[in-house]
Amino acid sequence: MHETGLAQEIVNIVEEIARQHSPKQVIRITLNIGEMVAVVPDMLKFAFQAIVENTPLNNARLEVQIIPVTAVCNKCRKSFHISQFEFSCPYCSSVDLTVRSGDEFLIKELEFKECP
Amino acid sequence: MSVITIERKILKKNDQFAMEVRDFCAKHNILVLNLLSSPGSGKTTILEKTLARIKTRVNVAVIEGDVQTDQDAVRIARQNVPVVQIVTNGGCHLDAALVLDAVSKMDLSGVRLLFIENVGNLVCPSGFDLGEHHKIVIASTAEGDDKPLKYPKTFRVSDVCLINKIDLLPYLNFDVPAFLANAKKINPDLTFFQISAQSGEGLDPWIAWLESRVEPKQ
Ligand SMILES: Nc1nc2c(ncn2[C@@H]2O[C@H](COP(=O)(O)OP(=O)(O)O)[C@@H](O)[C@H]2O)c(=O)[nH]1
Ligand SMILES: [Mg+2]
Ligand SMILES: [Zn+2]
């Protein structure tokens, strides 16, 4: 499973940004993960906790926002949520769609607190 | 308290390496194909048979990815084409940094077609851009016709699907129309080839698809 490597990548990115904001401490990291991304959020959090133990990021909470897969139909112009990877329009059955979201895999936000 | 919005892609580094692979291959006019499948579906056998058929007309090279051993690279080397083995030591997928490293070690002068055999796994490799032009998913009949539904991401990101081991169809309850319907629900644009790497059945259209996309030997 690749969650460990991805958690390490997240830690690297956050540490680099945290350094620029020192001495403030990161207390929250919010990720956006699209439903289409093959990552298990619980495994990612577990790996993250193991990596940051005894580091300044130990107090940072990793939050995951799941981004649904949405698309717009290029025939009837309606927008909808795609579930179960069924890429066809629920209104007119067209398969000519433009996918709008669901592929995100990013660090959305960081929250800091001042050092006591 | 302060909150900053960074919108930083977690795979940004991988994407940068993939871009370097893509730029290099564009400059040298190399078509790159990334083969994805579960272990044992026949990636290496398909490559052997494909190379045997195509290598007199097209200059081909191969990057082999495996968790352990260089056995697949040894099999490919018998076809007398340039091959590099990447051993991931437990890693469940290839990433673009590994591919860029392999590309820089190979003599690709004159090569027009580069196959990358990814680590056997229908989940993890789907998320990593290697700088390829097309991902190609291979499903073998012995794995069952429900695989697209169970591993939708891999079928979604692929452009071509090879259904391998059709020689075994008489012995299995693999329902070809059901498989095609399942895969098309996920990816209506998939191109299918039904083949038997073992008997050679069905290979002609696949070979034609490849040859129509690359410049032949001078
Ligand atoms: N019956 C049958 N066996 C095949 C076919 N293609 C590959 N195999 C066998 O499937 C096994 C795994 O093949 P291999 O190419 O090593 O799979 P890989 O792990 O995806 O690279 C080997 O024993 C092959 O001989 C096929 O078309 N028909
Ligand atoms: Mg193999
Ligand atoms: Zn519609």
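Above this text is the structure in question.
Residues numbered from 1 in each chain as written. Chains lettered and ligands numbered in written order. Predicted model: local features only at pLDDT ≥ 70, side-chain atom pairs only at ≥ 80, totals over all residues. Heavy atoms only, no water.

Enquirer: When you look at the pattern of salt bridges in this model, what are you seeing that I'm missing?
Expert: Side chains bearing opposite charge may pair, as long as their charged atoms lie close to each other. Taken as a whole and judged by the stated rule, the model has 15 salt bridges over all chains. Arg57 of chain B is paired through a salt bridge with Glu211 of chain B; the nearest N and O atoms lie 2.7 Å apart. In this pair, Arg57 of chain B is assigned in the loop between helix H2 (43-54) and strand S3 (60-66) and Glu211 of chain B in helix H8 (residues 203-211), connecting sequence segments 154 residues apart. For Arg75 of chain B, the salt bridge is made with Asp72 of chain B, and the minimal N-O distance between the two is 3.6 Å. A residue pair is termed a helical-turn pair when its members lie 3 or 4 positions apart in one helix, as Arg75 of chain B and Asp72 of chain B do in helix H3 (residues 71-77) at 3 residues. By sharing partners, the salt bridges in this structure join Arg28, Glu109 and Glu111 of chain A into a single network. (Salt bridge = Lys/Arg side-chain N within 4 Å of Asp/Glu carboxyl O. Helix = DSSP H or I, 4+ residues; strand = E, 2+ residues; numbered from the N terminus.)

Enquirer: What should I look at first to understand the coordination of the zinc ion (ligand 3) in this one?
Expert: The textbook angles at a metal center are 109.5 degrees for a tetrahedron of four donors and 90 or 180 degrees for an octahedron of six. Residues and elements named next belong to chain A. The zinc ion (ligand 3) binds to the protein through Cys73 (SG), Cys76 (SG), Cys89 (SG) and Cys92 (SG), with metal-donor distances spanning 2.3 to 2.4 Å. Counting gaps between the donor residues of the zinc ion (ligand 3) yields the pattern C-x2-C-x12-C-x2-C. Judged by relative accessible area, Cys76 falls into the partly exposed class, the value being 28%. (Donors = N, O, S within 2.8 Å, 3.2 Å for Na, K, Ca; no water. Buried < 20%, exposed > 50% of the residue type's maximum accessible area, 1.4 Å probe, protein only.)

Enquirer: Would you take a moment to explain the coordination of the magnesium ion (ligand 2) for this structure?
Expert: Residue and element names in this part refer to chain B. Summarising the metal site, the magnesium ion (ligand 2) is bound by the protein donors Thr44 (OG1), Asp72 (OD) and Glu117 (OE), whose distances to it range over 2.1 Å. Going along the chain, you hit the donors of the magnesium ion (ligand 2) in the pattern T-x27-D-x44-E. Of this pair, Thr44 sits in helix H2 while Asp72 is found in helix H3, placing the two residues 28 residues apart along the sequence. The pair formed by Thr44 and Asp72 is uniform in burial state, with each residue classed as buried.

Enquirer: How should the site of ligand 1 be read in this particular structure?
Expert: Residues and elements named next belong to chain B. Among the 17 residues in the neighbourhood of ligand 1, the closest are listed as Gly40, Lys43, Thr44, Thr45 and Asp167. Contacts to ligand 1 include Gly42, whose backbone N or O atom sits 3.0 Å from an oxygen atom. At a separation of 3.3 Å, an oxygen atom of ligand 1 approaches a polar side-chain atom of Ser196. With the chains in place, 74% of the 580 Å² that ligand 1 exposes on its own is no longer accessible. Sort the elements by how many residues they give to the shell around ligand 1 and H2 lands first, with 3 residues. Here the shell around ligand 1 is composed, by residue class, of 3 nonpolar, 9 polar and 5 charged. (Near = heavy atom within 4 Å. Polar contact = N/O pair within 3.5 Å; in protein donor to acceptor, adjacent residues only side chain to side chain. Areas by Shrake-Rupley, 256 points an atom, 1.4 Å probe, with all protein chains shown as cover. Nonpolar A, V, L, I, M, F, W, Y, C, P; charged D, E, K, R; others polar.)

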